[in-house]
Amino acid sequence: MSAVPDAPPPAGTAAPVQSVDRAITILELLAHDGESSVTEIAGGLGVHKSTAFRLLATLEAHRLVEQINDRGRYRLGVGNLRLAGATTARLDVVTEARPVSRQLATDTGETVNITVRSDTSALYLDQAAGSSALQSHNWVGQRIPLHATSNGKVLISELAEEDLAQALPDLPRFTDLTITSRRKLLDELAEVRRLGYALAVDELELGLTAAAAPIRSAHGDIIASMSISGPTFRLDDGRLAEAVPMVVAAALEVSHRLGWGRRS
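Residues numbered from 1 in each chain as written. Predicted model: local features only at pLDDT ≥ 70, side-chain atom pairs only at ≥ 80, totals over all residues. Heavy atoms only, no water.

Undergrad: So what exactly am I meant to see when it comes to the overall build of the protein chain here?
TA: For the protein chain, the count of helices and strands is eight helices and nine strands. In the protein chain, 55% of the contacts between residues at least 6 apart in sequence involve partners at least 24 apart. Put simply, the protein chain shows about 14200 Å² of open surface, and 53% of that area lies on carbon and sulfur atoms. (Helix = DSSP H or I, 4+ residues; strand = E, 2+ residues; numbered from the N terminus. Contact = heavy atoms within 4.5 Å. Areas by Shrake-Rupley, 256 points an atom, 1.4 Å probe, with all protein chains shown as cover.)

Undergrad: Explain the packing of aromatic side chains to me, please; I cannot follow it from the model alone.
TA: Aromatic ring pairs are described here by two measures, namely the spacing of the ring centres and the angle between the planes. Under the defined criterion, the tally for this structure stands at zero aromatic pairs. Note that R216 overlies the ring of W260, its terminal NZ or CZ placed 5.7 Å from the centroid. (Phe/Tyr/Trp six-rings, centres within 6.5 Å; stacked < 30°, edge-to-face > 60°. Lys NZ or Arg CZ within 6 Å of the ring centre and 35° of its normal.)

Undergrad: How do you make sense of unusual backbone geometry when you look at a structure like this?
TA: Excluding glycine, residues mostly carry a negative phi; peptide bonds, for their part, are mostly trans. A positive phi is found at D119, a non-glycine position, where the angle reads about 60°. We note that D202 has phi near 60°; this positive angle belongs to a residue other than glycine. Here D202 lies in the loop between strand 7 (198–201) and strand 8 (208–216). Judged by its relative accessible area of 15%, D202 falls in the buried class. (Buried < 20%, exposed > 50% of the residue type's maximum accessible area, 1.4 Å probe, protein only.)

Undergrad: I tried to follow the pattern of salt bridges on my own but got confused; where do I start?
TA: As a working rule, side chains carrying opposite charge can pair if their charged atoms are close by. Counted according to the given criterion, the structure contains 12 salt bridges. For R183, the salt bridge identified is with D187, shortest N-O distance 3.3 Å. One end of the pair, R183, and the other, D187, are both in helix 7 (residues 182–195), four residues apart, so they sit about a helical turn from each other. (Salt bridge = Lys/Arg side-chain N within 4 Å of Asp/Glu carboxyl O.)

Undergrad: Even after reading the chapter, I still don't get the pairing of strand 3 (residues 73–76), so can you show me in this structure?
TA: Strand residues, when the strand is regular, have side chains that alternate between the two faces of the sheet. When strand 1 (residues 36–37) meets strand 3, the two strands line up antiparallel, connected through two bridges. The residue of strand 3 that forms the bridge with S36 is Y74. Bridge analysis of strand 2 (residues 65–67) against strand 3 gives three bridges, and the strand direction is antiparallel. Paired with V65 across the strands is L76, a residue of strand 3. (Pairing = 2+ DSSP bridges.)

Undergrad: I keep staring at the packing of helix 2 (residues 38–45) against helix 3 (residues 49–61) and nothing clicks. Help me out?
TA: Between two packed helices, the angle of one axis relative to the other and the distance separating the axes together describe the packing. Between helix 2 and helix 3, whose axes approach to 8 Å, the crossing angle comes to 105°. Accordingly, the angle class assigned to the pair helix 2 and helix 3 is roughly perpendicular. Contacts from V38, T39, I41, A42 and L45 in helix 2 reach K49, A52, F53, L55 and L56 in helix 3. Partitioned by chemical class, the residues of the contact of helix 2 with helix 3 number eight nonpolar, one polar and one charged. (Axes fitted to C-alpha atoms, helices over the stretch in contact; angles between N-to-C directions. Parallel < 35°, antiparallel > 145°, perpendicular 65-115°, else oblique. Nonpolar A, V, L, I, M, F, W, Y, C, P; charged D, E, K, R; others polar.)

And the structure:
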């Protein structure tokens, strides 16, 4: 097992950052070696055994590592499966949604995006550019506010009141049309649930319009959203009336691919 130098953190870096780095290194060492003792882990980190033990105790409390019976050796814990499962679920969404997204982009000519909720933001997972997008901005990996976007409204539309409060600690204004009233937002989310889709017209950025529909898991939970977006002058009321049913149908197709309401 190769040793990792026990160097001091860079100037201005808090000690907890070094602890996080060491904890991640422990997980990497166990992933590589299968199982290790406290002494071996301390050697791999280049730290005292007491430091390694404290780090292992913290990881064990979160079920990221576990002791093998009473042998004093450690291996990766079942908590990693939960994290891996969440990652796999996102990869499944992208895999199943990509061909549908590309077809929707072709049919509408607009940019199609797939997002998931990540704490207090919506996170872009994938994007397909339509023919009307001359130079589409790549949003993949970027985060957007939940209350000012069609994707975000879909992702929070079925949250319980307590979860909604945690997801939206505040409602910052981006344009004059951004929803900043909680009462108005609740009314808007009720409308999203009734209609089965969400709109955002000039709410995040003037001149930007988007429409989104939910992607559901096999259990019926909203796990992602699919949207089209483009300039407001192009996505006017008439164009939205044509495009929204296509977005809803595409998101439903992805949901079926993920097992929701799967038809025999």
